[in-house]
Amino acid sequence: MVNDSTMNILILLFASSREAVGSSKLSLTIDRDEITLLDLADHLQSSYPQLRIVVRGADGVTSLVDTINFAINKKYSRDPTVLIRNGDEIAVIPPISGG
């Protein structure tokens, strides 16, 4: 039985983030009813350090890497305080080079 403070989210990984994790999708179960985008990014980087999506400054401030794009339910967001809830779909989109 799932309690009310557990959330399930789908992470879609593209380009180098897919290569770093070795999969194009991750299904995460988190023991909270909501988290911020920064919390999720920190969780992903803790699990997959090669993603490099979180920056920790010398002053202790943590922020998102400027070059990584996130989409929450197909809407882009750069706001690290935006809330992610049960059932949300998060896309991690690193910079893509090419001509």
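Before reading on, note that the structure itself is shown above.
Residues numbered from 1 in each chain as written. Predicted model: local features only at pLDDT ≥ 70, side-chain atom pairs only at ≥ 80, totals over all residues. Heavy atoms only, no water.

Participant: Please provide a residue-by-residue account of the nonpolar core, values included.
Facilitator: Most often, soluble globular proteins keep nonpolar side chains buried together rather than apart. Residues Ile 9, Ile 11, Leu 40, Leu 44, Ile 53, Phe 70 and Ile 84 are the most contacted members of the largest nonpolar core, which totals 25 residues. Residue assignment for this core shows that the elements contributing at least two residues are strand S1 (7-13), strand S2 (25-30), helix H2 (37-47), strand S6 (69-72) and strand S9 (89-93). In terms of residue count, the dominant contributor to this core is H2 (5 residues). Those residues in contact with Ile 11 that lie beyond four places of it in its chain are Ser 24, Lys 25, Leu 26, Leu 28, Leu 40, Leu 44, Ile 90 and Val 92. (Core = buried A, V, L, I, M, F, W, Y, C linked by side-chain atoms within 4.5 Å. Buried < 20%, exposed > 50% of the residue type's maximum accessible area, 1.4 Å probe, protein only. Helix = DSSP H or I, 4+ residues; strand = E, 2+ residues; numbered from the N terminus. Contact = heavy atoms within 4.5 Å.)

Participant: Describe the pairing of S9, and please don't skip the residues or the numbers.
Facilitator: By the criterion of burial, S9 is predominantly enclosed, with 4 of the 5 residues buried. Relative to S9, S1 is paired through 4 bridges, and the arrangement is parallel. In the strand pairing of S9, Leu 13 is matched with Val 92. Inspection of the sheet shows S6 paired to S9 by 4 bridges, in the antiparallel sense. Bridging across to S9, Asn 69 finds its partner in Ile 93. (Pairing = 2+ DSSP bridges.)

Participant: Explain H2 residue by residue, including any values.
Facilitator: Those residues of H2 not exposed but buried are Leu 37, Leu 38, Leu 40, Ala 41, Leu 44 and Gln 45. For H2, the angular spread of buried residues about the axis comes to 160°, placing them on one side. (Arc of directions from axis to C-beta.)

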